[in-house]
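A closer look at the structure
Now for the letters of each chain:
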Amino acid sequence: MPVIPEKLPRLFVVMGVAGCGKSTVGKSLAKEIGGIYLEGDALHPQENVEKMSAGIPLTDEDRWPWLDKIALMMKQSGGITLVGCSALKRTYRDRLRGGCDEPVMFLHLSGSRELIADRMKRREGHFMPLSLLDSQFAALEPLQIDETGLQTDIDATTAQIVARIVAELPA
């Protein structure tokens, strides 16, 4: 189980595979804890969006500039800040932590492939196709014991998921 800090951090990354609810949960959680939410997908370079739209998984080299931009935005933000970012691999999370220069807590939204695939089939207007879901699960490295964060199952309503997270956060 990852580390839960004694004091509420200022920076959070709502992480997980495509379709797990990062944006929906992140926005609701930000409102609940008095923070702001930044949409990590909006920070992708156009080339990344085009690759994913074409069903081509991103490489690590594609992700580095995107992760650096997210870290910079988080670092420059004021107050409690949450950002939606897949952060699938430990190296990506390390890059985000290093770029922020302060503690970052990762909130891993976890669910079955079947549940997430069903949600992806029903959403509209997103560039990430269902065909890339398997590559997302293949790349996913769950939070490790020395990382600050928590994992929450998404088998519930948004309000229930947010309540679960809030209940585990430090006062």
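Residues numbered from 1 in each chain as written. Predicted model: local features only at pLDDT ≥ 70, side-chain atom pairs only at ≥ 80, totals over all residues. Heavy atoms only, no water.

Along the backbone of the chain there are seven helices and five strands. Mapped in sequence order, the helices and strands of the chain form the string β-α-β-α-α-β-α-β-α-α-β-α. The C-alpha atoms of the chain give 15 Å as radius of gyration, which agrees with the globular expectation for 171 residues (16 Å, within 12%). Counting only C-alpha atoms, the chain reaches 45 × 35 × 30 Å along its principal axes. Restricting the contact set of the chain to residue pairs at least 6 apart, pairs at least 24 apart contribute 78%. Taken as a whole, the chain presents about 8,300 Å² of accessible surface, with 54% of it coming from carbon and sulfur. Side-chain charges in the chain split into 20 positive and 23 negative, and the spacing between the mean points of these groups amounts to 2 Å. (Helix = DSSP H or I, 4+ residues; strand = E, 2+ residues; numbered from the N terminus. Rg over C-alpha atoms; globule rule 2.2 N^0.38 Å. Contact = heavy atoms within 4.5 Å. Areas by Shrake-Rupley, 256 points an atom, 1.4 Å probe, with all protein chains shown as cover. Lys, Arg positive; Asp, Glu negative; His and termini not counted. Charge placed at Lys NZ, Arg CZ, Asp CG, Glu CD.)

With that settled, the discussion passes to the nonpolar core. F12, L82, L107, L109 and I165 are the most contacted members of the largest nonpolar core, which totals 26 residues. Of all the secondary structure elements, the ones that give two or more residues to this core are β1 (11–15), α1 (22–33), β4 (104–110), α5 (113–122), α6 (133–139) and α7 (158–168). Counting residues per element, this core draws most heavily on α1, which supplies four residues. With residues up to four places along the chain from it excluded, the contact list for L107 reads F12, V13, V14, M15, L29, L150 and I165. The next biggest cluster of nonpolar side chains, apart from the first, holds 20 residues, and it includes M15, L38, W66 and L96. (Core = buried A, V, L, I, M, F, W, Y, C linked by side-chain atoms within 4.5 Å. Buried < 20%, exposed > 50% of the residue type's maximum accessible area, 1.4 Å probe, protein only.)

What follows covers the packing of aromatic side chains. What describes a pair of aromatic rings is the distance from one ring centre to the other and the angle between the planes of the rings. Scanning the model with the defined rule gives one aromatic pair in all. With 5.7 Å between their ring centres and 80 degrees between their planes, W64 and Y92 make a pair best called edge-to-face. On the criterion of sequence distance, the pair formed by W64 in helix α3 (residues 60–76) and Y92 in helix α4 (residues 90–100) is long-range, its members being 28 residues apart. Taken individually, W64 and Y92 each receive the classification buried, so the pair is uniform in this respect. (Phe/Tyr/Trp six-rings, centres within 6.5 Å; stacked < 30°, edge-to-face > 60°.)

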